[in-house]
Amino acid sequence: MNSFRKSLTNPFCLALDMKSWEGALRLLSRLTPKPAIVKIGPLLYLRESGRIEEWFIRTDQPVFLDFKWHDIPNTVAGSVEAIPGSCVKLLTVHAQGGKKMIRAARDAADSRDASGKGRPLVLAVTVLTHLDGPQLAELGIQGRQDAVRRLGTLALESGADGLVMSPGDLAMARKEWGREPLVVTPGIRFPERNRVQNDDQILAESPENALQKGSDLLVVGRPILESPDPPTSWSRLLFSWTPPPET
């Protein structure tokens, strides 16, 4: 965990939720400095799986594979074992999959390390960031932070290395679990949130606020992807971060 934190050149993860692999690579080539890690999810992977798998094998770009696995333990373990190459440093499972599933993902990650592929950190998704009060009530969940606390505790006790949660849950998380778990935060927005089309994130925060509340890694997608000038927006994002003093 600490070695992963130390490896981060900046605290930003670019979500490559795009329609083409060419477009994703073109965008990456325009950003300076590069994101510490890039997130690849089903949207892009299912369109370009063969080419992405080839890239996984030869790239040294750190990757966050965000498939949010939620299945029986054997299926999740097999999926983790099947990840090509060694560039995937983070992966996600749903905490609602339960202790056996989370432990299976962790064991499979450990086995990758033993075989020389490197061990990706297993992150558990607590409560999806688009779910508001009425939607949670429909699922039988009466309080968001209580659910995040309960699911987060279950996941960490089951071997998860960290958690994924909305910016609005960060203060509770650090009070509950301290600094040890890696916490990854989607739902990062510049102050002018209305510029993001079809925004379905709640409890969104600015980069500066999310970092102050204790996030280790900020996942940023649409504020960069939908920008008329992605390199300028990326530079603005980096300027919102003050590197910690060297010790």
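Whatever comes next refers back to the structure up there.
So, here is what we can say about the structure in this document. (Residues numbered from 1 in each chain as written. Predicted model: local features only at pLDDT ≥ 70, side-chain atom pairs only at ≥ 80, totals over all residues. Heavy atoms only, no water.)

**Thoughts on the side chain of Ser227**
Next up, step 1: Looking at where Ser227 falls in the secondary structure, it is placed in the loop between helix H10 (222-225) and helix H11 (230-239).
Next up, step 2: At 2.7 Å, the side chain of Ser227 and the side chain of Ser233 are in polar contact.
Next up, step 3: When sequence neighbours within four positions are dropped, the list of residues in contact with Ser227 reads Arg222 and Ser233. (Helix = DSSP H or I, 4+ residues; strand = E, 2+ residues; numbered from the N terminus. Polar contact = N/O pair within 3.5 Å; in protein donor to acceptor, adjacent residues only side chain to side chain. Contact = heavy atoms within 4.5 Å.)

**Concerning the pattern of salt bridges**
Next up, step 1: Applying the stated criterion across every chain yields a total of 15 salt bridges.
Next up, step 2: Between Arg119 and Asp110 there is a salt bridge, with the nearest N and O atoms lying 3.2 Å from each other.
Next up, step 3: Residue Asp161 is joined to Arg119 by a salt bridge in which the shortest nitrogen-to-oxygen separation is 2.9 Å. Here the residue Asp161 occupies a position in the loop between helix H7 (144-157) and strand S6 (162-164), and Arg119 occupies one in the loop between helix H5 (99-114) and strand S5 (121-125), the gap between them amounting to 42 residues.
Next up, step 4: What makes Arg119 partly exposed here is its relative accessible area of 23%.
Next up, step 5: Each of Arg5, Arg174, Arg179 and Asp216 takes part in one network of salt bridges that share partners. (Salt bridge = Lys/Arg side-chain N within 4 Å of Asp/Glu carboxyl O. Buried < 20%, exposed > 50% of the residue type's maximum accessible area, 1.4 Å probe, protein only.)

**Points about the sheet that holds strand S2 (residues 37-40)**
Next up, step 1: With parallel pairing, the 8 strands of this closed barrel are ordered in space as S1-S2-S3-S4-S5-S6-S7-S8. Within the sheet, the average angular offset between the axes of one strand and its neighbour, ignoring direction, is 25°.
Next up, step 2: The sheet contact formed by S2 and strand S3 (residues 63-69) spans 3 bridges and is parallel. Residue pairing in the sheet places Lys39 in a bridge with Phe64 of S3.
Next up, step 3: This element, helix H3 (residues 42-58), spans S2, S3 and strand S4 (88-94) of the sheet and lies at about 135° to S3. (Pairing = 2+ DSSP bridges. Axes fitted to C-alpha atoms, helices over the stretch in contact; angles between N-to-C directions.)

No statement about biological role is implied by the geometric values presented.
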